[in-house]
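Coordinate inspection notes
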Amino acid sequence: MKHTQSIRPHGVLALCLGLLLCLCLALTGCSDVGGLVSAVAAGEFPVTVNDVTINARPQKVVVLSPSLADVVVALNCEAQLAAGSQTCTQESLRDLQKLDPADVEAITALGPDLVLLDPSSSGAEQALRDAGLAVLNLAPATDRQDFERLYAQASSALTGDGPGYDAGIAAAQDIFKTLDDVNRIVPKDTITAGCYLYDLDGSGVTGDMLASTIMTYSGVENVFSDLVGGQYDFEQLRLSNPHIIFCMPGLKDELKQDARFRDLRAVKQGRVVELDPSMMEWQGRTVVDAALEISAAAFPELLEDSSMQVTDPTENIESEVSSALTSSALAQDDVTYETLQRGDQGDDVLEMQTLLDRLGYLDTEYDGLYGEYTADCVKAFQKENGLPETGIADSDTQKMLHSTLAKPKPGTSPAPVTGGSPAPGVSPEPSASPVPESTGE
């Protein structure tokens, strides 16, 4: 039980979001900011990716997918590009030769060492192969782990195996570390349910798309997270009644005039936000831009009273973000917690177990009963976070558990936290569901 309550530090949240926004803007003009872009690796050739063998570092690459072009830029390998499709509109590729992905003759005439495409741009794949070109089809990522797979494959193809593979993994992890920072500063006292609609006839972002993961890191729970294939069910949309709806540009007015959507909470409250589909589909640094756009639209309070004057957005940005996050983490210093120990039970214990679960210390079902296993998990948490290893959750231990500075169990990544009670139609996290007392406690 908390004896005092702290007020949400809006100024700190605004500072964090502002700094992160500046970091993203700076990335378009800098080659090494915030660890998101590393030097191009010197890997080993030949390398085989998806049954395609590449004998030497490709010097003339044609990319026919804007999402893969985004990945190439994130890997700092755009110098290897000879041309791209007309949809590769990244600012850093403004001067890159553009061509029609279906124009096999024009692509072949360039004599590329490698053609990169994905399932959305694979119409001419067989014709390009028949023309004797090395064509690599890389599927888009679907979640955090698969994001590393995509980057490892792309980096290996462009820079070689070994160090090239490792550089791809590192680049993917660094991007998600920034998403972790975004997730730390979004409000978690209630669940904010939302969705992204490509049209009003059943096409939207579903749970098998990376965009759904990005929404979660942005503090918005995708109401279509249990659907697949990019198709949504309007009845599920109606029942979940999202707090915010993101949609294709030009769709907002159409949505507001459609009788089916008029009674939705997001429509009535004017919380329909147009967002370019590239934000939901491109998988380079754009995923960070998307997370910031989504969180800023879903939580406008993050931008309250933020009138930063930044002359050089890259100067000291890492230390400033770290300082702001630390201030946010320690904002609970005026909160005290009742000591919890073996034999206790109830909501406070359940809340503590949920936090231990998210940090990777508690890996079995739990029910709000503080037993021997929970005590061992508390002791492991205390050891990792420099606290006395008592197995008793005193106020200091619980403060650290609630802090963004809490260290997860080694070898694990903390799950994004959403908190609060589920919105209608949104299932709670399985780990947070109370279960019968027969948990081995």
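Remember, predicted model here, so these are calculated numbers, not experimental data. (Residues numbered from 1 in each chain as written. Predicted model: local features only at pLDDT ≥ 70, side-chain atom pairs only at ≥ 80, totals over all residues. Heavy atoms only, no water.)

Here's the deal with the overall build of the chain
How we decide: Secondary structure counts use DSSP, requiring at least four H or I residues in a row for a helix and at least two E residues in a row for a strand, with both numbered from the N terminus. Think of it in three bands: residues with accessible area under 20% of the maximum for their type are buried, residues over 50% are exposed, and the middle band is partly exposed, with areas taken using a 1.4 Å probe on protein chains only. Each accessible area is a Shrake-Rupley result for a 1.4 Å probe, and residues are judged covered by the shown protein chains and nothing else.
Along its length, the chain carries 16 helices and 11 strands. Relative to its 441 residues, the chain shows a buried fraction of 49%. Here the chain has roughly 19800 Å² of accessible surface; of this, 48% comes from carbon and sulfur atoms.

Regarding the packing of aromatic side chains
In plain terms, the rule: Pairs were defined over the aromatic rings of Phe, Tyr and Trp, the Trp ring being its six-membered one, requiring ring centres within 6.5 Å. Orientation was assigned from the angle between planes: stacked under 30 degrees, edge-to-face over 60, tilted for the rest.
Within the structure shown, the criterion is met by 7 aromatic pairs. The interplanar angle of 80° and the centroid separation of 5.4 Å between the aromatic rings of Phe176 and Tyr217 together place this pair among those described as edge-to-face. With Phe176 in helix 6 (residues 163-185) and Tyr217 in helix 7 (residues 210-217), the pair connects residues that are 41 residues apart, well separated along the chain. Taken as a pair, Phe176 and Tyr217 share a single burial class, namely buried.

A short note on the pairing of strand 8 (residues 192-197)
Going by this rule: One requirement defines pairing of two strands: DSSP has to find at least two bridges between them. Here, the term right-handed applies to a crossover whose path from the first strand over the helix to the second runs clockwise when the strands point away from the viewer.
Counted residue by residue, strand 8 has 6 buried out of 6 residues, so it is predominantly covered. Here strand 8 shows a buried face lined by Thr192, Gly194 and Tyr196 and a second buried face lined by Ala193, Cys195 and Leu197. One ladder, built from 3 bridges, connects strand 8 with strand 9 (residues 220-222); its direction is parallel. By the bridge assignment for strand 9, Gly194 is matched with Asn222. Since strand 8 and strand 9 lie parallel, the crossover through helix 7 that links them has a hand, and here it is right-handed.

A word on the environment of Tyr165
For the record, the criterion: In what follows, residue pairs with any heavy atoms lying within 4.5 Å of each other are defined as contacts.
Assignment of secondary structure puts Tyr165 in helix 6. Residue class for Tyr165 comes out partly exposed when judged on its relative accessible area of 38%. Expressed as a C-alpha distance, the spacing of Tyr165 and Tyr151, which sit 14 residues apart in the sequence, is 8.0 Å. Not counting residues up to four positions away in its chain, the partners in contact with Tyr165 are Ala152, Ser156 and Gly160.

Things to note about the packing of helix 7 against helix 12 (residues 286-298)
Basically, it comes down to this: Helix axes use the C-alpha atoms of the stretch in contact, all axes being lines fitted to C-alpha atoms, and the angles between their N-to-C directions lie in the range 0 to 180 degrees. Any angle that is under 35 degrees is reported as roughly parallel, and any over 145 degrees as roughly antiparallel; angles of 65 to 115 degrees are reported as roughly perpendicular and all others as oblique. With the far helix as reference, a near helix turned anticlockwise by less than a right angle produces a left-handed crossing, and one turned clockwise produces a right-handed crossing. Here the term charged refers only to Asp, Glu, Lys and Arg, the term nonpolar to Ala, Val, Leu, Ile, Met, Phe, Trp, Tyr, Cys and Pro, and the term polar to all other amino acids, Gly among them.
Closest axis-to-axis distance for the helix 7/helix 12 pair is 9 Å, and the angle between their directions is 50°. Here helix 7 is positioned oblique relative to helix 12, judged by the angle of their axes. Every pair of crossing elements has a handedness; the one defined by helix 7 and helix 12 is right-handed. Judged by residue contacts, Leu210, Ile214 and Met215 of helix 7 engage Val287, Ala290, Ala291 and Ile294 from helix 12. Across the contact of helix 7 with helix 12, the residue classes tally to 7 nonpolar, no polar and no charged.

Some remarks on the environment of Leu96
In this structure, Leu96 sits in the loop between strand 4 (81-85) and strand 5 (98-99). Sequence separation between Leu96 and Gln86 is 10 residues, and the spatial gap between their C-alpha atoms is 9.7 Å.

A word on the pattern of salt bridges
What counts is decided by this rule: We count a salt bridge whenever a side-chain nitrogen from Lys or Arg sits within 4 Å of a carboxyl oxygen from Asp or Glu.
One pass over the structure, following the stated rule, counts 8 salt bridges. Note that Arg144 and Asp180 form a salt bridge whose closest N and O atoms lie 3.0 Å from each other. Residue Arg144 is found in helix 5 (residues 144-159), and its partner Asp180 is found in helix 6; the two are separated by 36 residues along the sequence. According to the relative accessible area criterion, Arg144 is partly exposed, its value standing at 21%.

Re the pairing of strand 4
Strand 4 sits mainly inside the fold: 4 of its 5 residues count as buried. Here 3 bridges tie strand 3 (residues 61-63) to strand 4, and the two strands are oriented parallel to one another. Within strand 4, the residue paired with Val61 across the bridge is Leu81. The pairing of strand 4 with strand 5 spans 2 bridges and is parallel. Counted as the bridge partner of Gly84 is Lys98 from strand 5.

Describing the sheet that holds strand 6 (residues 114-117)
Ordered in space as 5-4-3-6-7, the 5 strands form an open sheet in which the pairing is parallel. Of all strands in the sheet, those with a lone pairing partner are strand 5 and strand 7 (135-137), marking the two edges. In the packing of helix 2 (residues 66-74) onto the sheet, the strands contacted are strand 3, strand 4 and strand 6, and the crossing angle to strand 6 comes to about 115°.

Description of the sheet that holds strand 10 (residues 244-247)
Taken together, 4 strands build an open sheet; the order of strands is 9-8-10-11 and the sheet is parallel. Single-partner strands in this sheet number two, and they are strand 9 and strand 11 (272-274). In this sheet, adjacent strand axes meet at a mean angle of 35° when their direction is disregarded. Sheet topology note: the strand 8/strand 10 ladder contains 4 bridges and is parallel. Bridge pairing links Cys195 to Ile245 in strand 10. Packing against the sheet, helix 7 makes contact with strand 8 and strand 9, and its axis sits at approximately 150° to strand 9. In the packing of helix 12 onto the sheet, contacts are made with strand 9, strand 10 and strand 11, and the angle to strand 10 comes to roughly 140°.

That's the geometry; what it means functionally is another story.
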